[in-house]
Amino acid sequence: NAASGGWAGINFPVLPEPADPTLRYSGVVPKDRTALEIVGNSVHSTGWFGKNTGAVYAGGSLYWDEDDTNSTLLKYVAGRVGSSRLSRHTKDDDGKNAWFRVQNTTVWLTNVGVTGWGKRSEYLGFEVHDFQQRGVFVLFNTWFDNIVLNCRTANAPLVPDPGTSFNEKAINDGTKWSGFHTYDHLMKHILTNWKISNCGGVARNLQPFVPDGAVDDSKTALFTVPVN
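A. Representation of the overall build of the protein within the structure. Helix and strand content of the protein: two helices and twelve strands. Looking at the protein residue by residue over its 228 residues, the buried ones come to 44%. In the protein, of all internal contacts separated by at least 6 residues, the share reaching a separation of at least 24 is 62%. Accessible surface for the protein amounts to roughly 11,800 Å². Of this, 53% is attributable to carbon and sulfur atoms.

And the structure:
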């Protein structure tokens, strides 16, 4: 599949029940099952004005209120929801812990390459080119293997400027971006076989690499691990 535009290119929301209202009380919990093969997709020109929305976004919740037993109207929350009912706990057919897996995916010209809120995820073969804010932003237990992080290609002058108003600058001013950003110190990530290019001071338009560039405030690094 190829996705272009939108607030997210490919979205995998949390589904505590099937979306078909006739199957709502079947006992099936889609959010806790492994995905079918998610392989060989591409996404570009997407998610530009969503602060944490990834071009590939394994987040958000699509659900019925538990006490609304007669409605056929699903609700959607775009961000992370803290309740267990609206969190992804992937398990196999035997009920044992398993992994939500995305393979061989390429994204470019996006605000955030990939965002995920699931408890257990694997991204195997993932390329991010020309992102604006974060190449990778994930939570909980995640394995990233065979990752290409190309912060600025020769197309960098074509990366849109988010603008100069307060809200646009809050998203990004073009210099404060991270290649990999983890949520906080309680997360568990394994990173193997990464190739990183074009992410230095010139790409960030920072002094002294660029004589008239911006001053580095040291708040955002190539790998950012917040400590709360």
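From this point, things continue past the structure.
B. Molecular detail of the state of the cysteines. A complete count under the given rule lists one disulfide for this structure. Each sulfur of the disulfide joining C151 and C199 lies 1.9 Å from the other. Looking down the S-S bond of the C151 and C199 bridge, the torsion is 90°, so its handedness is right-handed. One end of the pair, C151, is in the loop between β9 (141-150) and α1 (166-171); the other, C199, is in the loop between β11 (188-197) and α2 (201-204), and 48 residues separate them in sequence.

C. Summary view of a nonpolar patch on the surface. On the surface, a nonpolar cluster with roughly 220 Å² of combined accessible area is contributed by L191, I196 and F223. Following the sequence through the fold, F223 ends up in strand β12 (residues 223-224).

D. Summary view of the pairing of strand β3 (residues 42-46). As paired strands, strand β1 (residues 2-4) and β3 are joined by three bridges and run parallel to one another. Bridge pairing in β3 links A3 to V43. As paired elements, β3 and strand β7 (residues 100-116) share four bridges and run parallel to each other. When the sheet's bridge partners are listed, T46 is paired in β7 with T110.

Definitions and limits used
- Residues numbered from 1 in each chain as written.
- Predicted model: local features only at pLDDT ≥ 70, side-chain atom pairs only at ≥ 80, totals over all residues.
- Heavy atoms only, no water.
- Helix = DSSP H or I, 4+ residues; strand = E, 2+ residues; numbered from the N terminus.
- Buried < 20%, exposed > 50% of the residue type's maximum accessible area, 1.4 Å probe, protein only.
- Contact = heavy atoms within 4.5 Å.
- Areas by Shrake-Rupley, 256 points an atom, 1.4 Å probe, with all protein chains shown as cover.
- Disulfide = S-S within 2.5 Å.
- Patch = residues over 30% accessible without salt bridge, like charges linked within 9 Å, V, L, I, M, F, W, Y side chains within 5 Å.
- Salt bridge = Lys/Arg side-chain N within 4 Å of Asp/Glu carboxyl O.
- Pairing = 2+ DSSP bridges.

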